[in-house]
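Observations on chain architecture
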There are 2 protein chains.
Amino acid sequence: MAQHIHFNASIDGVAYGVLDDLVGYAVRRAQLSIYEDFGATMGAEEITPQRFSSLVIVENNPGISQTRLAEVMGIARSGVVAIIDDFENKGLIERQASGDRRSYSLLLTKAGARQLKRYKQAVKEHDERISAALSQAEKEQLLALLRKLCAPES
Amino acid sequence: MAQHIHFNASIDGVAYGVLDDLVGYAVRRAQLSIYEDFGATMGAEEITPQRFSSLVIVENNPGISQTRLAEVMGIARSGVVAIIDDFENKGLIERQASGDRRSYSLLLTKAGARQLKRYKQAVKEHDERISAALSQAEKEQLLALLRKLCAPES
């Protein structure tokens, strides 16, 4: 953990100039730091934040199409197809034909649901660790503020 | 902008499950959204958030070594060397030999300083746009909360 903690902190004796005032830089720096901790936590599990998110979305939206999942994830449809191919090979997700020939409905298999339950536990622990310095109120404040980013001016 | 705005917002009718409660997911989602807006703003300039940061760090820490810059950026030294090679080719940064044979001191050239001035203006406008829905107080709150992430428990 020491290395990840280090990265999100300023390094003594280094001047960050305008970076210190940029919201975008602060978000990016936090993101890199969180990503490293996620990797360190889940490394052996071959799961990334993106892959984890896709399993959670499929679990909570059974029958969702690949196109819709790509939209939710904010990535290209081809990226989702590759992820689903892999999960299908591992027996975690199944594609069911839907009315539209080009479209599949996605469902977690029983093995997928069991695996995701384990992932969720590990990800929750990771998330609590990265936000351990925040009170519950600060955590909620942070979530609310992050959701206002890139939102139209109110 | 519409697409980027869309991505950081929840999509109607989609259930996000545990993702809605994870700090890591909120940061990642904001980051993707900001990154897209950065790309849309700076696209023609061939500059990324990472490359922009490296120019700012060199400007504010004249004579910094590549090793130290890599440490500040949280990336591999080889990544920094590739970035600096490119900036050197473009005449924006110069490497000066320092005492240690394997080490170079990095400096912005005059052209680099002029170019960075333009980048900074564009990045500030981008940053103001992505955080347009936040008041100044909320912006400072967000920066303070982000800096507490991955920090040791207080």
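Above this text sits the structure in question.
As a starting point, this report considers the structure included with it. All values reported here derive from a predicted model rather than from experimental measurement.

Here we come to the relation of the copies chain A and chain B. Superposing chain A onto chain B requires a rotation of 180 degrees together with a translation of 0.0 Å along the rotation axis, leaving an RMSD of 0.0 Å. The two molecules are tied by a two-fold rotation axis, judged by turn and shift.

Bringing the interface of chain A and chain B into the picture now. Taken together, the 65 residues of chain A in the interface contact 65 residues of chain B. Buried area between chain A and chain B, both sides added, is near 6,200 Å², and the carbon and sulfur share of it is 66%. Area buried by chain A at its contact with chain B is led by A:Arg28, A:Leu145 and A:Cys150, which between them contribute 11% of it. Summed over the shared surface of chain A and chain B, the result is 12 residue pairs in polar contact (both at pLDDT 80 or more). Contributing elements (two or more residues each) for the side of chain A that touches chain B: helix 1 (2-8), helix 2 (23-42), helix 3 (49-60), helix 4 (66-73), helix 6 (110-130) and helix 7 (136-148) of chain A. Examining the composition of the side of chain A that touches chain B, we find that 11 residues originate from one element, helix 2 of chain A, more than from any other.

The geometry of helix 7 of chain A relative to helix 2 (residues 23-42) of chain B is characterised by a closest axis approach of 9 Å and an angle of 20 degrees between their N-to-C directions. Between helix 7 of chain A and helix 2 of chain B, the crossing angle belongs to the class labelled roughly parallel. Our pair here, helix 7 of chain A against helix 2 of chain B, has a crossing hand that is left-handed. Residues A:Lys139, A:Leu142, A:Leu143 and A:Leu146 of helix 7 of chain A touch helix 2 of chain B, and the partners they reach there are B:Val23, B:Ala26, B:Val27 and B:Ala30.

Look at helix 2 of chain A: 28 Å from first C-alpha to last across 20 residues, which is about the 28 Å you get at 1.5 Å a residue. Of all 20 residues making up helix 2 of chain A, 14 are buried, and the element is well covered by its neighbours.

All names here are of chain B. Strand order in the open sheet made by the 3 strands is 1-3-2, with antiparallel pairing throughout. Both outer strands of the open sheet, strand 1 (64-65) and strand 2 (93-97), are each paired with one neighbouring strand and no more. For strand 2 and strand 3 (residues 104-108), the ladder comprises 5 bridges, and the chain directions are antiparallel. When the bridges of strand 3 are listed, Glu-94 appears paired with Leu-107.

Thresholds applied
Residues numbered from 1 in each chain as written. Chains lettered and ligands numbered in written order. Predicted model: local features only at pLDDT ≥ 70, side-chain atom pairs only at ≥ 80, totals over all residues. Heavy atoms only, no water. Least-squares fit on C-alpha atoms with pLDDT ≥ 70 in both. Contact = heavy atoms within 4.5 Å. Buried area = accessible area lost by both parts, 1.4 Å probe. Polar contact = N/O pair within 3.5 Å; in protein donor to acceptor, adjacent residues only side chain to side chain. Helix = DSSP H or I, 4+ residues; strand = E, 2+ residues; numbered from the N terminus. Axes fitted to C-alpha atoms, helices over the stretch in contact; angles between N-to-C directions. Parallel < 35°, antiparallel > 145°, perpendicular 65-115°, else oblique. Left-handed = near helix turned anticlockwise from the far one by under 90°. Expected span 1.5 Å × (residues − 1). Buried < 20%, exposed > 50% of the residue type's maximum accessible area, 1.4 Å probe, protein only. Pairing = 2+ DSSP bridges.

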